Amino acid sequence: MDDLLRLDREHVWHPYTSFPPAVPVHAVARAEGVRLTLTDGRELVDGMSSWWAAIHGYRHARLDQAIRAQLDDMAHVMFGGLTHEPAVRLAVRLTELTGLDRVFLADSGSVAVEVAIKMAVQATGRTRLFTVRGGYHGDTFACMSVCDPVNGMHHLFTGALAQHVFAPPPPLGYEAVPDQDYLDEVAGLLARHAHELAAIIVEPVVQGAGGMRFYHPGYLRKFRELADEHGLLLIADEIATGFGRTGEMFGCDHAGVRPDIMCVGKALTGGYLTLAATLCTAEVAERIGVLMHGPTYMGNPLATAVAGASLELLAERPWREEVKAIEAALVDGLAAAEPYAEDVRVLGAIGVIEAHEPVDVQRIQDVVMEHGVWLRPFGKLIYTMPPYACGPEELAMVTEAMVAAARTLRTP
Ligand SMILES: *Cc1c(COP(=O)(O)O)cnc(C)c1O
């Protein structure tokens, strides 16, 4: 196994790393329920759901079975000119859940956002987008161009990114009453650029990888209003927020807003296979005509089959109560971190400790792993979005590990 880690270190690129990686990686042998087992025998409660995805936990019998059964029919066929039951069933289910009638199956979240941008450009004939700072929409070029310019490292790609219109980030706080000055500023900026804009693109209510920031649903309602007022499309990137994570099925549900275009991904397959989707209204689809996109593995039968099974499972599990219970446990458990942090915040099954300054990732990871927990901090953030299947004892392990990590932080 030392050999595995040595070869990994020599040849394998990991997300956002250099060679050799600054922080060592750990080898996983198995994952089951809410636990990862490392090749050295250590067992860790997974506080990350493999980046928002594994909402039902690992090796779920129903999801395993959905893939096995699909494998007996076919692993893949091209989607150009052909179709199949798992893709059609999934698309229908997604239209029921979102109220958006047209579904494009994409192979990752970033591709889904690329497709959403293509849809907006094709539907309006305009090319610029309006967004807010602090966002994250994926790593491909069009996606990067609407990520936060600082967190998204725009300076590394100067000249290669489309120039879009950025408003300041929505003021922090799910419960903080919308700030009229902010709303006026956004309205003014948007009015000045409306003639060249195709769409407003935002993550509803929770900005994920751009800073784990929660904002009041009133801001989202304002984005909808402004889009209508100026004839722009509203793109909701629900890739992180979708499927219950924030306490509602979608982030947009907090605001009672229906977007024109929506992206879903991450938890769509319950963390089994890469798959995402871009949905739009029938009216937008009509304006687009021929949508110029078609990935080789579009609608992959294994991925759509397991996504269908995952959505079925979600419909059966009391996810609303589970997410509420996780929220309560995170609020309780993380309160002790407050003296050491800039901010501690919780929304749905998302818990965040924001440090005063960027954290030492390795040191934090060592501490939480000593507590039997897997987390992956970034920037100033130590955060968790545990699987919905996480019980009270496991949640207590996660929050105790996070508080222990917070105690090691430097406070000003
Ligand atoms: C993760 C994420 C993406 C990108 O999805 P990938 O599958 O990693 O390409 C886009 N938007 C949001 C909001 C995300 O959280």
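Residues numbered from 1 in each chain as written. Predicted model: local features only at pLDDT ≥ 70, side-chain atom pairs only at ≥ 80, totals over all residues. Heavy atoms only, no water.

As recorded by an unreviewed UniProt entry, the protein carries the name Adenosylmethionine-8-amino-7-oxononanoate aminotransferase and is attributed to Acrocarpospora phusangensis. Per UniProt, the protein has the following entry under Function (unreviewed entry): "Catalyzes the transfer of the alpha-amino group from S-adenosyl-L-methionine (SAM) to 7-keto-8-aminopelargonic acid (KAPA) to form 7,8-diaminopelargonic acid (DAPA). It is the only aminotransferase known to utilize SAM as an amino donor." (UniProt positions renumbered as here; feature names shortened; annotations may be inferred.)

## Observations regarding the site of the ligand
Taken together, Ser108, Gly109, Ser110, Tyr136, His137, Gly138, Glu203, Asp237, Ile239, Ala240 and Lys266 form the complete shell of residues around the ligand. Separating an oxygen atom of the ligand from a side-chain N or O atom of serine 110 is a distance of 2.6 Å. When isolated, the ligand has an accessible area of 380 Å², and the protein chains bury 83% of it. Looking at the shell around the ligand residue by residue, the classes come out as three nonpolar, five polar and three charged. (Near = heavy atom within 4 Å. Polar contact = N/O pair within 3.5 Å; in protein donor to acceptor, adjacent residues only side chain to side chain. Areas by Shrake-Rupley, 256 points an atom, 1.4 Å probe, with all protein chains shown as cover. Nonpolar A, V, L, I, M, F, W, Y, C, P; charged D, E, K, R; others polar.)

## Some words on the pairing of strand β10 (residues 233-237)
When you tally the buried positions in β10, you get five out of five residues, the bulk of the element. The pairing of strand β7 (residues 197-202) with β10 spans four bridges and is classified as parallel. If you follow isoleucine 201 over to β10, its bridge partner there is isoleucine 235. (Buried < 20%, exposed > 50% of the residue type's maximum accessible area, 1.4 Å probe, protein only. Helix = DSSP H or I, 4+ residues; strand = E, 2+ residues; numbered from the N terminus. Pairing = 2+ DSSP bridges.)

## Notes on the packing of helix α3 (residues 61-73) against helix α10 (residues 301-316)
At a minimum axis distance of 9 Å, the contact between α3 and α10 shows a crossing angle of 150 degrees. On the basis of their axis angle, the class for α3 and α10 is roughly antiparallel. Here α3 runs over α10; the crossing is right-handed. Here Arg62, Leu63, Ala66, Ile67, Gln70 and Leu71 of α3 come into contact with α10, specifically with Pro301, Leu302, Ala305, Val306, Ala309, Ser310, Glu312, Leu313 and Glu316. (Axes fitted to C-alpha atoms, helices over the stretch in contact; angles between N-to-C directions. Parallel < 35°, antiparallel > 145°, perpendicular 65-115°, else oblique. Left-handed = near helix turned anticlockwise from the far one by under 90°. Contact = heavy atoms within 4.5 Å.)

## Comments concerning the sheet that holds β10
Reading across from one edge, β4-β12-β11-β10-β7-β5-β6 is the order of the seven strands in this open sheet, with mixed pairing throughout. Where the open sheet ends on each side, the last strands, each with one partner, are β4 (102-106) and β6 (165-167). Averaged over all adjacent pairs, the angle separating strand axes in this sheet is 20 degrees, with direction ignored. Lying on the sheet, helix α7 (residues 180-193) is in contact with β5 (128-132), β6 and β7; it crosses β6 at an angle near 170 degrees.

## A word on the pairing of β5
Most of β5 is tucked away, with four of its five residues classed as buried. Relative to β6, β5 is paired through three bridges, and the arrangement is parallel. Paired with phenylalanine 130 across the two strands is valine 165, which belongs to β6.

## Remarks on α3
End to end, α3 covers 19 Å across 13 residues, agreeing with the expected 18 Å (1.5 Å per residue, within 8%). Of all the positions in α3, only Leu63, Asp64, Ala66, Ile67 and Gln70 are classed as buried. Relative to the axis of α3, the buried residues are bounded by an arc of 160 degrees and lie together on one face. Exposed residues pointing more than 90 degrees away from the buried face of α3 are listed as Ala61 and Asp72. Against the buried residues of α3 lie α4 (85-98) and α10. (Expected span 1.5 Å × (residues − 1). Arc of directions from axis to C-beta.)

## Considering the pattern of salt bridges
Scanning all chains against the criterion turns up 22 salt bridges. The partner of aspartate 3 in a salt bridge is arginine 6, with the nearest N and O atoms 2.6 Å apart. Of this pair, aspartate 3 and arginine 6 both sit in helix α1 (residues 2-11), separated by three residues, roughly a single helical turn. Between glutamate 394 and arginine 35 there is a salt bridge, with the nearest N and O atoms lying 2.8 Å from each other. Here arginine 35 lies in strand β2 (residues 35-38) and glutamate 394 lies in helix α13 (residues 392-407), a separation of 359 residues in the sequence. Overall, glutamate 394 belongs to the buried group, its relative accessible area being 16%. Beyond isolated ion pairs, a larger network of salt bridges with shared partners links Asp343, Arg345, Glu354 and Lys380. (Salt bridge = Lys/Arg side-chain N within 4 Å of Asp/Glu carboxyl O.)

## Observations concerning the nonpolar core
Residues Ile200, Phe223 and Phe243 are the most contacted members of the largest nonpolar core, which totals 97 residues. In terms of residue count, the dominant contributor to this core is α13 (eight residues). Filtering out sequence-adjacent residues up to four positions away, isoleucine 200 remains in contact with Phe130, Leu190, Phe223, Leu226, Ala227, Leu232, Leu233, Leu234 and Ile235. By size, the runner-up hydrophobic cluster in this structure holds 28 residues, among which are Phe104, Leu233, Cys263 and Leu291. (Core = buried A, V, L, I, M, F, W, Y, C linked by side-chain atoms within 4.5 Å.)

## Observations concerning the packing of α4 against α10
Remark: α4 packs on α10, axes separated minimally by 8 Å, with the N-to-C direction vectors making an angle of 40 degrees. Looking at the two axes, α4 sits oblique to α10. α10 is crossed by α4, and the crossing has left-handed handedness. Contact residues: α4 offers Pro86, Ala87, Leu90, Arg93, Leu94 and Leu97, while α10 offers Pro301, Thr304, Ala305, Ala307, Gly308, Leu311 and Ala315. Of the residues contributing to the contact of α4 with α10, the split by class is 10 nonpolar, two polar and one charged.

## Focus on the sheet that holds strand β3 (residues 43-46)
Where strands meet in a sheet, backbone hydrogen bonds hold them as pairs that are either parallel or antiparallel. Taken in spatial order, the four strands make up an open sheet running β1-β2-β3-β15, and their pairing is mixed. Each edge of the open sheet carries a strand with a single partner, namely β1 (28-32) and β15 (373-374). Pairing of β3 with β15 involves two bridges; the strand directions are parallel. Among the inter-strand pairings, valine 45 is bridged to a residue of β15, identified as valine 373.

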